[in-house]
Amino acid sequence: MNTVELIRKKRNKENLSKEEILFLINNYTKNKIPDYQFSAFLMTVYFNGMSKEETASLTEAMLYSGKVLNLNSIPGIKIDKHSTGGVGDKTSLIIAPIVSATGVKVPMISGRGLGHSGGTLDKLEAIPGFRTNLTLSEYKNVLKKVGAVLIGQTKEIAPADKLIYALRDVTATVESIPLITGSIMSKKLAEGIDGLVLDVKTGNGAFMQKTEDAIALADSLIQTAKAFDKKVIGFVTDMNQPLGNYIGNWLEVYESIQVLRDGKKNDLTELSLILAGAMIYLGKKSKSLDEGIEEAIRILKSGKAFDKFVEIVKAQNGKTDFILHPEKYPKSKFKEVIKSTSAGYLSEVNTYELGMAAIDLGAGRKTKDDKIDPKAGVIFNYKVGDTISKGVVLAELFSDSKSGIDNAKKRIANSIKISRSKPQKLKLIKTIIN
Ligand code: URA
C-alpha cells in the first residue's frame, strides 16, 4: 500500500477499506509515516468525514495499537461514563462512588484539562497523595477490592491515540466527528468495559456548540460502541453555564463532597444522578432507567456513596483527612469578588470565558508544561434565570497570582449578562439516545 494513494483516495471522497485504515494507523504509530503525511490524511478526514464502517475500522485500529484489558477475572458488570468535557463538570467524582456502591464495577480511564475545559485527573490530583498513575495490575486490584478505580491513560492503552491526538492538537483537526469518535472509543474500549454511558455536551462551554453537532457526535459514538457489542446510552446535555457552582480542581472536589456528604442539590446533583442511574441500569442493578435513578438517589441519601468516595481516595493513596475535613485544605493568597452592578435576571453566561478565567487564576495550563495550582478557581453563585439584586456577589475568585486575579476578574465581568426580562431556565438534558 502507498500512503500518498490513500491520502488521495480520501481527498477524492472515496471510502477507505479496513486494511487501508489499519495500514495508516499502524505505520504512523510505528513512526513509518511522517507527521506531514499523516497531517494531510487527518485534514482530508476533517473535510470529507468517514462512513460508519470507516469510523469503526479507525477505532479498531487505534484500539489494537495497544493493550485491551480483560477484566473477566473480576466479578460484576463493568460500566464507565464518558463526558466530552466542559466547565465545572465533576460528575465522575460523584458518579463513580454512587454506582460502585450498588455493586456495578466502575473502571474509569480519564483525561486532563483540555483547552478551556477541566479534566478529572487534574481534579483528583488536587487531593494530596492521590495516585492517578496506577499500573495496570494496581488498576485491576483496586477495581476488584473497591469496585471503582480512576486513572489516566497509560502508555499501554491506545498509544495510537496519544500520538494522533498530539498531532491533531497542532494541525487544527480536533473538531472532527470520526476523529473524536476513534480517539474516545479506542480508549474506552481498551478499559475492558461491558457498557458505557455518554454525556455529550452542547453549548457555549462545549466543544460542540450546536445541539445538532452534539447529536451527530453522540450518534457516531453510540454506533461505534454498538459495533463492538457494548451496551450504551447517550445523553446530550447543556453546557451554556458551568455545571454546579465551583470551577477549579480542589474547589470541584469540595463541591463533590458537598453533594456526596451534605446533600447539596443543584444541576450537578441532578445530572450526576441521571448518569449514575443509566449506569446502574446498564449494569443490570435496575429494571429501567427511572428505577436506576431512584436507586442512585437512595444510595446518595444513605451516605454509602460518600463512604465509597473515601474508600476510593484511600485505595489510591489520597489523604482522606482532607475529604473528611475539607476546611483544612490550604487557602489561596488572594481572594476577590465580583458584585452585580444592576438588578434583574441572569440571562447569559459565556461559559468558555469562565473556563478561560479559571486558567488565568492557575486552575489549568496555558502551555503543556505549566503546573496547576489546585487551590485556584471560581465560585459562580447563580444560574441562568435566577433573580439578581444589585450588589450581590456573583462570583468569588481564588488565586496565588495577583495578575491572574485581575485578568480573570475582567473576563468574568464581561461574560455575564443581567437583563430586565426573565429568561427561560436552561434545559439540562437536551435528548437521550440509545
Ligand atoms: N476527548 C478525547 O479523548 N478525544 C478527542 O478527540 C476529543 C475529546
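Heads up: the structure comes first, above all this text.
What this report covers is the structure whose coordinates are included nearby. (Residues numbered from 1 in each chain as written. Predicted model: local features only at pLDDT ≥ 70, side-chain atom pairs only at ≥ 80, totals over all residues. Heavy atoms only, no water.)

## A few points about the overall build of the protein chain
Alright, step 1. A count of helices and strands for the protein chain gives 17 helices and 13 strands.
Alright, step 2. Since a compact globule built from 434 residues should have a radius of gyration of about 22 Å, the 22 Å found for the protein chain is in line with a globular shape.
Alright, step 3. Within the span of the protein chain, comprising 434 residues, buried residues form 59% of the whole.
Alright, step 4. The contacts in the protein chain between residues at least 6 apart in sequence include a share of 77% that link residues at least 24 apart.
Alright, step 5. Accessible surface for the protein chain amounts to roughly 18,300 Å². Of this, 50% is attributable to carbon and sulfur atoms.
Alright, step 6. Between the mean site of the 64 positive side-chain charges and the mean site of the 49 negative ones, the protein chain shows a separation of 3 Å. (Helix = DSSP H or I, 4+ residues; strand = E, 2+ residues; numbered from the N terminus. Rg over C-alpha atoms; globule rule 2.2 N^0.38 Å. Buried < 20%, exposed > 50% of the residue type's maximum accessible area, 1.4 Å probe, protein only. Contact = heavy atoms within 4.5 Å. Areas by Shrake-Rupley, 256 points an atom, 1.4 Å probe, with all protein chains shown as cover. Lys, Arg positive; Asp, Glu negative; His and termini not counted. Charge placed at Lys NZ, Arg CZ, Asp CG, Glu CD.)

## With respect to the site of the ligand
Alright, step 1. Near the ligand, the surroundings consist of Tyr165, Arg168, Ile180, Ser183, Ile184 and Lys187.
Alright, step 2. Between the ligand and arginine 168, the relevant distance is 2.9 Å, taken from an oxygen atom to a side-chain nitrogen or oxygen of the residue.
Alright, step 3. Note that a nitrogen atom of the ligand is positioned 2.7 Å from one of the side-chain N or O atoms of serine 183.
Alright, step 4. Relative to its free-state accessible area of 240 Å², the ligand is covered by the protein chains to the extent of 86%.
Alright, step 5. Broken down by secondary-structure element, the contributors of at least two residues to the shell around the ligand are helix H8 (159-169) and helix H9 (177-190).
Alright, step 6. Of all the elements, H9 adds the most residues to the shell around the ligand, at four residues.
Alright, step 7. Along the lines of polarity and charge, the residues of the shell around the ligand split into three nonpolar, one polar and two charged. (Near = heavy atom within 4 Å. Polar contact = N/O pair within 3.5 Å; in protein donor to acceptor, adjacent residues only side chain to side chain. Nonpolar A, V, L, I, M, F, W, Y, C, P; charged D, E, K, R; others polar.)

## A few points about unusual backbone geometry
Trans is the prevailing form of peptide bonds, just as negative phi is the prevailing case for residues other than glycine.
Alright, step 1. Of note, the phi angle at asparagine 31 is positive, near 70 degrees, even though the residue is not glycine.
Alright, step 2. Along the chain, asparagine 31 turns up in the loop between helix H2 (18-29) and helix H3 (35-48).
Alright, step 3. Here the phi dihedral of asparagine 317 falls at roughly 75 degrees; this positive angle occurs in a residue that is not glycine.
Alright, step 4. Tracing the backbone through its elements, the reader meets asparagine 317 in the loop between helix H14 (304-315) and helix H15 (321-324).

## As for the pattern of salt bridges
Alright, step 1. Within this structure, the stated rule accounts for 31 salt bridges.
Alright, step 2. Across the pair glutamate 60 and lysine 18 runs a salt bridge, and its minimum N-O distance is 3.3 Å. Taken together, the positions of glutamate 60 in helix H4 (residues 52-63) and lysine 18 in helix H2 put the pair 42 residues apart, joining distant regions of the chain.
Alright, step 3. Glutamate 60 sits in the partly exposed class, given a relative accessible area of 26%.
Alright, step 4. According to the relative accessible area criterion, lysine 18 is partly exposed, its value standing at 42%.
Alright, step 5. Between aspartate 267 and lysine 383 there is a salt bridge; the shortest N-O distance is 2.8 Å. With aspartate 267 in helix H12 (residues 267-282) and lysine 383 in the loop between strand E9 (377-380) and strand E10 (387-388), this pair connects stretches of sequence that are 116 residues apart.
Alright, step 6. According to the relative accessible area criterion, aspartate 267 is buried, its value standing at 14%.
Alright, step 7. When salt bridges with common partners are traced through the structure, they connect Arg112, Asp122, Glu125 and Arg365 into a single cluster. (Salt bridge = Lys/Arg side-chain N within 4 Å of Asp/Glu carboxyl O.)

## Thoughts on helix H11 (residues 249-262)
Alright, step 1. Counted at 1.5 Å a residue, the expected span for H11 with its 14 residues is 20 Å, and the 19 Å between its end C-alpha atoms agrees.
Alright, step 2. Within H11, eleven of the 14 residues are buried, leaving the element largely enclosed by the surrounding structure.
Alright, step 3. Those residues of H11 lying buried are Asn249, Trp250, Leu251, Glu252, Val253, Glu255, Ser256, Ile257, Gln258, Val259 and Leu260.
Alright, step 4. Of the residues trailing H11, glycine 263 is marked for its positive phi of about 75 degrees. (Expected span 1.5 Å × (residues − 1).)

## Some words on the environment of asparagine 15
Alright, step 1. Within the fold, asparagine 15 resides in the loop between helix H1 (3-11) and H2.
Alright, step 2. Look at asparagine 15 and you get partly exposed, because its relative accessible area is 46%.
Alright, step 3. Remark: the alpha-carbon pair of asparagine 15 and aspartate 194, spanning 179 residues in sequence, is separated by 30 Å.
Alright, step 4. Not counting chain neighbours up to four residues away, the residues in contact with asparagine 15 comprise Lys9, Lys10, Glu20, Ser51 and Glu54.

## Re the nonpolar core
Alright, step 1. Within the largest apolar cluster, 111 residues are counted, with the highest numbers of intra-cluster contacts made by Ile98, Phe235, Phe309, Ile323 and Ile412.
Alright, step 2. Sorting elements by how many residues they give to this core places H12 first, with ten residues.
Alright, step 3. Domain assignment of the residues forming this core places at least three in each of domain 2 (79-158 + 187-324) and domain 3 (331-419).
Alright, step 4. Not counting residues within four places of it along the chain, the set of residues in contact with phenylalanine 235 comprises Val197, Leu198, Asp199, Val200, Ile274, Leu275, Ala278, Leu289, Ile429, Thr431 and Ile432.
Alright, step 5. Core analysis: the second largest hydrophobic core is formed by 20 residues, Ile21, Met50, Met62 and Leu179 among them. (Core = buried A, V, L, I, M, F, W, Y, C linked by side-chain atoms within 4.5 Å. Domains from an automatic or database assignment.)

## What about the side chain of asparagine 27?
Alright, step 1. With respect to the helices and strands, the residue asparagine 27 is situated in helix H2.
Alright, step 2. The class of asparagine 27 is buried, set by a relative accessible area of 14%.
Alright, step 3. If we ignore the near neighbours within four places in the chain, the residues touching asparagine 27 are Lys32 and Ile33.

## Focus on the layout of surface pockets
Alright, step 1. Counted as a void, the second largest pocket has a volume near 250 Å³.
Alright, step 2. Taken together, 13 residues form the lining of the second largest pocket, with Trp250, Leu251, Tyr254, Pro330 and Lys331 sitting closest to its centre.
Alright, step 3. Residues that form the lining of the second largest pocket fall into these classes: nine nonpolar, one polar and three charged.
Alright, step 4. Residues from two domains meet in the lining of the second largest pocket; each of domain 2 (79-158 + 187-324) and domain 3 (331-419) gives at least three. (1 Å grid on protein atoms, 1.4 Å probe; cavity = no way out; pocket = protein on both sides within 12 Å on 5 of 7 lines; lining within 4 Å. Points joined across faces, edges and corners; volume = space filled by probe spheres on them.)

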